[in-house]
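Each chain, written out:
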Amino acid sequence: MEDFNQMANRFVKAHFGDRAQNLMPLAAGDWSKAYSFMLDGHEMVIRFGSYVDDFEKDRVMGTLSSDILPIPKVLEVGETESGFFAVSKRVSGKHLDELNGPEIQLVLPQLFDALYELQKLDLTDTEGVGLWRPDGTGLSWGDELLSVAEPRDRLAGWRERLDDSPQEALVFDAGVERLRQFVTQLPENRGIVHNDLLNRNVLVDGGRLTGVIDWGNAFYGDPLYDNALFLYWWPWFPEWQEIDLQEILDNHWDKHGGRPTQSEERLLSCLIHISLDHIAYSAFRQRPEDMRRHAKQLMTYIL
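Parameters at a glance
Residues numbered from 1 in each chain as written. Predicted model: local features only at pLDDT ≥ 70, side-chain atom pairs only at ≥ 80, totals over all residues. Heavy atoms only, no water. Pairing = 2+ DSSP bridges. Helix = DSSP H or I, 4+ residues; strand = E, 2+ residues; numbered from the N terminus. Contact = heavy atoms within 4.5 Å. Axes fitted to C-alpha atoms, helices over the stretch in contact; angles between N-to-C directions. Phe/Tyr/Trp six-rings, centres within 6.5 Å; stacked < 30°, edge-to-face > 60°. Buried < 20%, exposed > 50% of the residue type's maximum accessible area, 1.4 Å probe, protein only. Lys NZ or Arg CZ within 6 Å of the ring centre and 35° of its normal. Expected span 1.5 Å × (residues − 1). Arc of directions from axis to C-beta.

Chemist: Report on the sheet that holds strand 10 (residues 208-212), specifying residues and quantitative values.
Modeler: The three strands are arranged 6-9-10 in an open sheet whose pairing can be described as antiparallel. Whereas interior strands pair on both sides, the edge strands pair on one side only; in this sheet they are strand 6 (94-95) and strand 10. Bridging between strand 6 and strand 9 (residues 202-205) involves two bridges; their strand directions are antiparallel. Across the sheet, residue His 95 finds its bridge partner in strand 9, namely Leu 203. Its contacts with the sheet put helix 3 (residues 101-118) on strand 6, strand 9 and strand 10, and the angle it makes with strand 10 is roughly 55°.

Chemist: Before we move on, can you summarise the packing of aromatic side chains with the specific residues and values?
Modeler: Applying the stated criterion to the full structure yields 17 aromatic pairs. For the ring pair Phe 4 and Phe 48, a centre distance of 5.8 Å and an interplane angle of 75° mean the geometry is edge-to-face. Taken together, the positions of Phe 4 in helix 1 (residues 4-16) and Phe 48 in strand 3 (residues 42-49) put the pair 44 residues apart, joining distant regions of the chain. Judged by its relative accessible area of 28%, Phe 4 falls in the partly exposed class. Note on Tyr 232 and Trp 233: the rings are 5.4 Å apart at their centroids and 80° apart in plane angle, and the pair reads as edge-to-face. Overall, Tyr 232 belongs to the buried group, its relative accessible area being 0%. Residue class for Trp 233 comes out buried when judged on its relative accessible area of 18%. Site record: aromatic cluster; members linked through ring pairs are Phe 4, Phe 11, Tyr 35, Phe 48 and Phe 85. One Lys or Arg, Lys 33, reaches over the ring of Phe 4 and ends 5.5 Å from the middle of that ring.

Chemist: Give me the lowdown on unusual backbone geometry, citing residues and values where you can.
Modeler: Its identity as a non-glycine residue notwithstanding, Arg 200 has a phi of 65°, on the positive side. Along the chain, Arg 200 falls in the loop between strand 8 (191-193) and strand 9. Of note in this structure, Gln 286 is not a glycine but carries a positive phi near 55°. Structurally, Gln 286 is set in the loop between helix 9 (263-284) and helix 10 (288-302). By relative accessible area, Gln 286 is classed as exposed at 60%.

Chemist: So, helix 6 (residues 166-183): which residues are in play, and what are the values?
Modeler: With 18 residues, helix 6 ought to run about 26 Å at 1.5 Å a step, and its terminal C-alpha atoms sit 26 Å apart, in line with that. Listing the buried residues of helix 6 in full gives Glu 168, Ala 169, Val 171, Phe 172, Gly 175, Val 176, Leu 179, Phe 182 and Val 183. For helix 6, the arc enclosing every buried residue in end-on projection is 160°, short of the 170-degree limit, so these residues lie on one face. Turned more than 90 degrees from where helix 6 packs its buried face, Pro 166, Gln 167 and Leu 170 sit exposed. Those residues of helix 6 hidden inside the fold are in contact with helix 4 (141-146), helix 5 (158-163), helix 9 and helix 10.

Here's what the structure looks like:
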């Protein structure tokens, strides 16, 4: 049976002909597989996946690239025999996840500044909050947060698998109830949230950002969510423990007018949601150790 690498090579040859050379696999994510290749002598990346909206979101965001927030331009989005593909310019650098303590301390303020600039975009032609689509639609912020407990197309059967672990299911339900109490207290803060910055989606070269990629999980919502993601995942990176993340955030907020309004409640609601989301995801992927660790972390937020 033909494997995916063979299918990718066959598609690239058929679609681009002799213009394409040196197709090489890159890291595969849960929703797409990526390959580097040369096209007309230029370094490119082609990704294959089942969800065209993910690639269309990358195309929209690529038009918003700037010096402070570099986002690779998507040159083509199309259909394959079994899904969809997207071609974009390749950017150089190593992944944020791979940086050591001094490197992350240098780069993280740049990333927070870039995300701050992103919130200055005019979103008046879009509506709603939640997992956004290229046409600019979404849900409400409270509904988006609470929808973490609902069935999801991409995580089919996650709740049934979670229920096979009664202790984690109990913690999950307690987290949902705590989040429900927070929702009515939260102010409306609507911006673009990347929502996947610590999954090999930020590239750095020479101490500077070179690319923020893969906007497939992006949503309209509270911009503090991306800050909360770093607070949540920080303990999972032993090599970063010498760096004071809270100090970096405080310096960033001071630079831009002070600590955000109701930051404590907003960040805590995000942290609870991140825990819930990853418990559901770990249950779906049948990763019991990760599920238990996320449940343990959730307990620190709701007790």
